[in-house]
2 protein chains.
Amino acid sequence: MRRFSFSDPGFEAAFAAFVDERRDTPEEVDAAVRDVLAAVRAEGLDALLRFARQFDRVELNESNLRVSAEEIEAGAAQCPAQVREAIAFAAARIAAYHARQRPADAAFTDEAGVELGWRWTPLEAVGIYVPGGRAAYPSTVLMNAVPAKVAGVERIAMVTPPGKLQPAVLAAAKEAGVTEIWRVGGAQAVAALAYGAGPIRPVDKIVGPGNAYVTAAKRRVYGTVGIDALAGPSEIVVVADGANRPDWIAADLLSQAEHDPAAQSILITDDEAFAAAVEAAVQEQLATLSTGQDAAASWRDHGAVVIAPLDEAPRLVDLIAPEHVEFALDQPERLADRVRHAGAIFLGRVTPEAIGDYVAGSNHVLPTSRAARFSSGLSLYDFIKRTSIVKCDPKSFAVLGPHTVALADAEGLPAHSRSAAIRLGQS
Amino acid sequence: MRRFSFSDPGFEAAFAAFVDERRDTPEEVDAAVRDVLAAVRAEGLDALLRFARQFDRVELNESNLRVSAEEIEAGAAQCPAQVREAIAFAAARIAAYHARQRPADAAFTDEAGVELGWRWTPLEAVGIYVPGGRAAYPSTVLMNAVPAKVAGVERIAMVTPPGKLQPAVLAAAKEAGVTEIWRVGGAQAVAALAYGAGPIRPVDKIVGPGNAYVTAAKRRVYGTVGIDALAGPSEIVVVADGANRPDWIAADLLSQAEHDPAAQSILITDDEAFAAAVEAAVQEQLATLSTGQDAAASWRDHGAVVIAPLDEAPRLVDLIAPEHVEFALDQPERLADRVRHAGAIFLGRVTPEAIGDYVAGSNHVLPTSRAARFSSGLSLYDFIKRTSIVKCDPKSFAVLGPHTVALADAEGLPAHSRSAAIRLGQS
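Rules used throughout
- Residues numbered from 1 in each chain as written.
- Chains lettered and ligands numbered in written order.
- Predicted model: local features only at pLDDT ≥ 70, side-chain atom pairs only at ≥ 80, totals over all residues.
- Heavy atoms only, no water.
- Helix = DSSP H or I, 4+ residues; strand = E, 2+ residues; numbered from the N terminus.
- Buried < 20%, exposed > 50% of the residue type's maximum accessible area, 1.4 Å probe, protein only.
- Contact = heavy atoms within 4.5 Å.
- Areas by Shrake-Rupley, 256 points an atom, 1.4 Å probe, with all protein chains shown as cover.
- Lys, Arg positive; Asp, Glu negative; His and termini not counted.
- Charge placed at Lys NZ, Arg CZ, Asp CG, Glu CD.
- Pairing = 2+ DSSP bridges.
- UniProt positions renumbered as here; feature names shortened; annotations may be inferred.
- Axes fitted to C-alpha atoms, helices over the stretch in contact; angles between N-to-C directions.
- Parallel < 35°, antiparallel > 145°, perpendicular 65-115°, else oblique.
- Left-handed = near helix turned anticlockwise from the far one by under 90°.
- Nonpolar A, V, L, I, M, F, W, Y, C, P; charged D, E, K, R; others polar.
- Buried area = accessible area lost by both parts, 1.4 Å probe.
- Salt bridge = Lys/Arg side-chain N within 4 Å of Asp/Glu carboxyl O.
- Polar contact = N/O pair within 3.5 Å; in protein donor to acceptor, adjacent residues only side chain to side chain.
- Least-squares fit on C-alpha atoms with pLDDT ≥ 70 in both.
- Domains from an automatic or database assignment.
- Phe/Tyr/Trp six-rings, centres within 6.5 Å; stacked < 30°, edge-to-face > 60°.
- Lys NZ or Arg CZ within 6 Å of the ring centre and 35° of its normal.
- Right-handed = clockwise from strand over helix to strand, strands pointing away.

Trainee: It is not clear to me how the overall build of chain A should be interpreted in this structure. Could you clarify?
Mentor: Looking only at helices and strands, chain A has 17 helices and 14 strands in total. Taken along the three principal axes of its C-alpha coordinates, chain A extends 80 × 60 × 40 Å. A burial count over chain A gives 63% of its 427 residues as buried. If you take every contact in chain A between residues at least 6 apart in sequence, the share linking residues at least 24 apart comes to 71%. Counting only carbon and sulfur atoms, one obtains 51% of the accessible surface of chain A, whose full area is about 15200 Å². Seen as two clouds, the 41 positive and the 55 negative side-chain charges of chain A have centres 6 Å apart.

Trainee: How do you make sense of helix α7 (residues 167-176) of chain B when you look at a structure like this?
Mentor: The α-helix advances 3.6 residues per turn, and as a result positions three or four apart in sequence lie on the same side. All names here are of chain B. Counted residue by residue, α7 has 8 buried out of 10 residues, so it is predominantly covered. Restricting attention to buried positions, one finds in α7 the residues Pro167, Ala168, Val169, Leu170, Ala171, Ala172, Ala173 and Ala176. Packing partners of the buried residues in α7 comprise α4 (69-78), α5 (81-99), α6 (138-151), β5 (155-160) and β6 (180-183). Among the residues trailing α7, glycine 177 stands out with phi positive, at a value near 80 degrees.

Trainee: Is there a simple way to explain the sheet that holds strand β8 (residues 226-227) of chain B in this structure?
Mentor: Strand pairing in a sheet relies on backbone hydrogen bonds, with the paired strands running either antiparallel or parallel. All names here are of chain B. Read from one edge to the other, the open sheet built from 5 strands follows the order β6-β5-β4-β7-β8, with strand pairing classed as parallel. Every interior strand has two partners, whereas the edge strands, β6 and β8, have only one. Both strand β7 (residues 205-207) and β8 contribute to a ladder of 2 bridges, which runs parallel. By the bridge assignment for β8, lysine 205 is matched with glycine 226.

Trainee: What is the right way to look at the UniProt feature "binding site: substrate" (unreviewed entry) in chain A in this model?
Mentor: Here the UniProt-annotated "binding site: substrate" (unreviewed entry) positions come out as A:Ser234, A:Gln256, A:His259, A:His324, A:Asp357, A:Glu411 and A:His416. Taken together, the annotated residues stretch across 183 residues and extend over separate regions, lying up to 54.7 Å apart by C-alpha. In this structure, A:His259 sits in the loop between α10 (246-257) and β10 (264-269). Residue contacts for A:His259: discarding those within four places in its chain leaves A:Ser234, B:Leu413 and B:His416. With respect to the helices and strands, A:His324 occurs in strand β12 (residues 324-328). Non-local contacts of A:His324, meaning those with residues more than four positions away in its chain, are made with A:Ser234, A:Glu235, A:Ile236, A:Val237, A:Gln256, A:Ala344, A:Phe346, A:Glu353, A:Asp357 and A:Leu366.

Trainee: Help me out: how do you make sense of the packing of helix α16 (residues 394-410) of chain A against helix α17 (residues 414-421) of chain A in this one?
Mentor: The geometry of a pair of packed helices is captured by two quantities: the angle between their axes and the separation between those axes. Residue and element names in this part refer to chain A. One can describe the packing of α16 onto α17 by two numbers: an axis separation of 8 Å at closest approach and a directional angle of 160 degrees. Considering their axes alone, α16 and α17 lie roughly antiparallel with respect to each other. Of the two elements, α16 crosses α17, and the hand of that crossing is left-handed. Listed contacts from α17 to Phe397, Gly401, Thr404, Val405, Ala408 and Asp409 of α16 are His416, Ser417, Ala420 and Ala421. For the contact of α16 with α17, the per-class residue count stands at 5 nonpolar, 4 polar and 1 charged.

Trainee: Sorry if this is basic, but what is going on with the interface of chain B and chain A here?
Mentor: Quoted interface sizes are often the accessible area lost when the parts come together. Across the contact, 128 residues belong to chain B and 127 residues belong to chain A. Regarding the contact of chain B and chain A, the summed buried area is about 10900 Å², with carbon and sulfur atoms giving 56% of it. Of all residues in chain B, B:Arg340, B:Phe374 and B:Arg423 bury the most surface against chain A, accounting for 8% of the area lost on that side. Remark: the boundary between chain B and chain A carries 12 salt bridges. A salt bridge links B:Glu154 to A:Arg340; its shortest N-O distance comes to 2.7 Å. Counting across the interface, chain B meets chain A through 76 residue pairs in polar contact (both at pLDDT 80 or more). When residues of the side of chain B that touches chain A are assigned to their parent elements, the largest contribution, 10 residues, is made by helix α16 (residues 394-410) of chain B.

Trainee: What is the right way to read the pattern of salt bridges from this model?
Mentor: Two side chains that carry opposite charge are able to pair once their charged atoms sit near each other. For the structure shown, the criterion picks out 52 salt bridges over all chains. With a closest N to O distance of 3.2 Å, A:Asp382 and A:Lys205 form a salt bridge. Here A:Asp382, found in the loop between α15 (354-358) and β14 (384-391), pairs with A:Lys205, found in strand β7 (residues 205-207); they are 177 residues apart in sequence, far enough to count as distant. Linking A:Lys391 and B:Glu333 is a salt bridge whose minimum nitrogen-to-oxygen distance equals 2.7 Å. Highlighted residues: A:Lys391 in strand β14 and B:Glu333 in helix α14 (residues 333-336), drawn from two different chains. Beyond isolated ion pairs, a larger network of salt bridges with shared partners links A:Glu12, A:Glu312 and A:Arg315.

Trainee: What is the right way to look at the relation of the copies chain B and chain A in this model?
Mentor: Note: a rotation about an axis with an accompanying shift along it relates these two copies of the chain. Overlaying chain B with chain A gives an RMSD of 0.0 Å, the required rotation being 180 degrees about an axis along which the chain moves by 0.0 Å. The superposition of one copy onto the other is thereby described by a two-fold rotation axis. Both copies contact each other with a shared surface, as 99% of the interface residues of chain B are interface residues in chain A too.

Trainee: How do you make sense of the domain arrangement of chain A when you look at a structure like this?
Mentor: Domains assigned within chain A are domain 1 (30-103 + 123-227), domain 2 (232-374) and domain 3 (392-424). Taking only C-alpha atoms into account, the centre of domain 2 of chain A sits 56 Å from that of domain 3 of chain A.

Trainee: Before we go on, may I ask you to explain the sheet that holds β12(A) in this structure?
Mentor: The 9 strands lie next to each other as β1(A)-β11(A)-β10(A)-β9(A)-β12(A)-β13(A)-β14(B)-β3(B)-β2(B), forming an open sheet whose pairing is mixed. Where the open sheet ends on each side, the last strands, each with one partner, are β1 (2-5) of chain A together with β2 (106-109) of chain B. Between one strand axis and the next, the sheet turns through 15 degrees on average, direction left out of account. Pairing of β2(B) with strand β3 (residues 115-122) of chain B, which is carried by 4 bridges, proceeds in the antiparallel orientation. Along β3(B), the bridge assignment pairs B:Thr109 with B:Glu115. Packed on one face of the sheet, helix α12 (residues 292-302) of chain A meets β10 and β11 (304-307) of chain A and runs near 55 degrees to β10(A).

Trainee: Sorry, what's going on with the side chain of A:Glu353 here?
Mentor: For A:Glu353, the location among the structural elements is in the loop between β13 (344-347) and α15. B:Arg423 provides the closest opposite charge to the buried, unpaired A:Glu353, separated from it by 9.6 Å. Apart from residues lying up to four places away in sequence, A:Glu353 is in contact with A:Ile236, A:Ser255, A:Gln256, A:His324, A:Glu326 and A:Phe346.

Trainee: Would you take a moment to explain the packing of aromatic side chains for this structure?
Mentor: Aromatic ring pairs are described here by two measures, namely the spacing of the ring centres and the angle between the planes. Scanning all chains against the criterion turns up 26 aromatic pairs over all chains. Through pairs of rings, three or more aromatic residues link up here, namely A:Phe4, A:Phe6, A:Phe11, A:Phe15 and A:Phe18. One residue, B:Arg50, lies across the ring of B:Phe51, its end atom 5.3 Å from the ring centre. Taking NZ or CZ as reference, B:Arg100 lies 3.6 Å from the ring centre of A:Phe108, over its face.

Trainee: Before we go on, may I ask you to explain the pairing of strand β6 (residues 180-183) of chain A in this structure?
Mentor: Residue and element names in this part refer to chain A. Burial of the side chains of β6 extends over both faces: Glu180 and Trp182 are buried on one face and Ile181 and Arg183 on the other. The pairing of strand β5 (residues 155-160) with β6 spans 4 bridges and is parallel. Bridge pairing in β6 places threonine 160 opposite arginine 183. With respect to chirality, the unit in which β5 leads through helix α7 (residues 167-176) into the neighbouring parallel β6 is right-handed.

Structure follows, in structure tokens:
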């Protein structure tokens, strides 16, 4: 854990350098991924079954590659009622929040008489990658599938590595209306979704988190299909005054740290004694945490406590451009409204970031690694696209046509010029 | 040029295969690009100057790397008045169209009493790549810079390969308010914008068209910065009945073909005699076109004429998911409204696609290579991003908290669970 104090000489430079530190593992996986993609593209199902043997140590065939409707039903039924209820609660809230994001189509006639506008339409088919093992989260299914459904996407194909399917994951799939689930993971799953393979038909876009292989594969198929942002390790900044309970704030810091040894948690406070109390509470809570090993490594290597006037917090937050930021203060808007670069903002003393991971309704897929400078969390917009519409009549074309000719001629594009000039009777 | 007839046996399969044909050159450039990016990242300005010598055969230094305000002014003044006027006309229309895309922020309290919403903010710094030589287009500057300005982006850094700067390009930069222009092209320009190099400070997002090296570099820096879509060769589909003038439609087809031997132009018509007349007009116009060599290659290798009932056109257009589609018909909306996948739609007999390239106001940066299935043209949305906002009070937290605990426990994330439970007095 690093300590910074705003009053230290050299604070600005030291803090900026800390923010710039890379936390991702450098990728040595790209060549392997290239070969996997090429094999699936060329051989389809055969390659998928071979990689399942080779990487996952399972024998699959065309008939058990897909999780059957009975398996989904039976698995979901094993999920405890309380968790099923929480899943339904979360799904309804996510649906309601994302439904409000639907943009209107536009149609207007401008002063030149040109009819202009645009129209939004949903994607047809979306693939969702759901990691396997311990990281198989029902919330991943909900946060990716529910907005796609709300957008009107007809087909959602979920892929997840072979192995025991978590009851909660299947309950989430059932709740979200996901009926197409394939036992395939890694770069080969991304390839199957992008190019099609055996019974898996290609999709238009691939979303969902994955390891370095999955991320490298998504980068490579981008263009053939759409992808969501490339997710890095999770981050939280907590801006808190001394009136908070140190154990509450410690829990919030650890809720990111427990995700990954590369995750990052930063406390910004103006109260040194409070900071010390939070640090102590972190150590105390770490001792009893089943995820304590990862959380301790994250806090040790990437955690930070910054002592600074709270008025400076918005600027420091913008430097970090974090995935999540909490303002655990009275009147939190006073500072939060000055933040420009953050994936999601949590306001007040009783809004821990974890509610955003599950049930707030907002999406938990958010930009990491300073990507909040240029990108947004997953939303309805990821599952719709826009078509521009232009219509001239002879009168408005007479206004636009000559300028088109002038510009096309200036660019040395005579066929462009002619297609306008010929309608002006000039060619 | 390929001919298809809807009534031919095997039409569906043959047409689908045609649509799937790759038109991009396979990229053998990725390794070279990787090395260029690494060199600029490690050595900064020195690497830029070395690559300028090596690739562009020019000697640059820190003082002439940037195009001076005087050069912009003097160059713009050389641009003919008629072209400057057309540039101003286009810029105003692009600004007006994109200003209508600005989405509203949201703030609402839901039935659980949770305050929710989101806020849109502009990116701070955007880089625009403008190709050099013959492909240095003023319209590229306008279509990328004007929406960024409208969005509220404070800094726009334009990069373009060393060499004579076209007066029209400088006039467009001046009109769009672009004052920061650097003489650097290729993958090294992308690296300089992404990582910073010497006097070039890093940006948050890179947009603008480029060759295979530029495209490969953009793919590699994606994540460090945002990028626009990866542009492929241009495309047009013209849906036309026999009441059109064949020479008008021929000009429209050639206006895409002249961009690139890999461009694609497709005519869909229900009138065989009309199709033959268009083909003849294409040949006639090719003979007089200064861009005829590229246009002829494009038409020969990738052009197509499809004879089909016009009612089938929307479905065929969706298979192609083209960058541009014209409906040169009376009552064009009847068919156009059924299209789902297209970058831009041009309606009626006097709306040639070329007006969309310059002055319609809509953006000419549009998805190619079937990317209209999952993505949209460049817009205001490319230059803004969204921050989610969540605020609970004790009462609404009492509703959301227990479900958060249930889901966090199901996912095996005890710190997440504790951050909610502790505020419920349960931990």
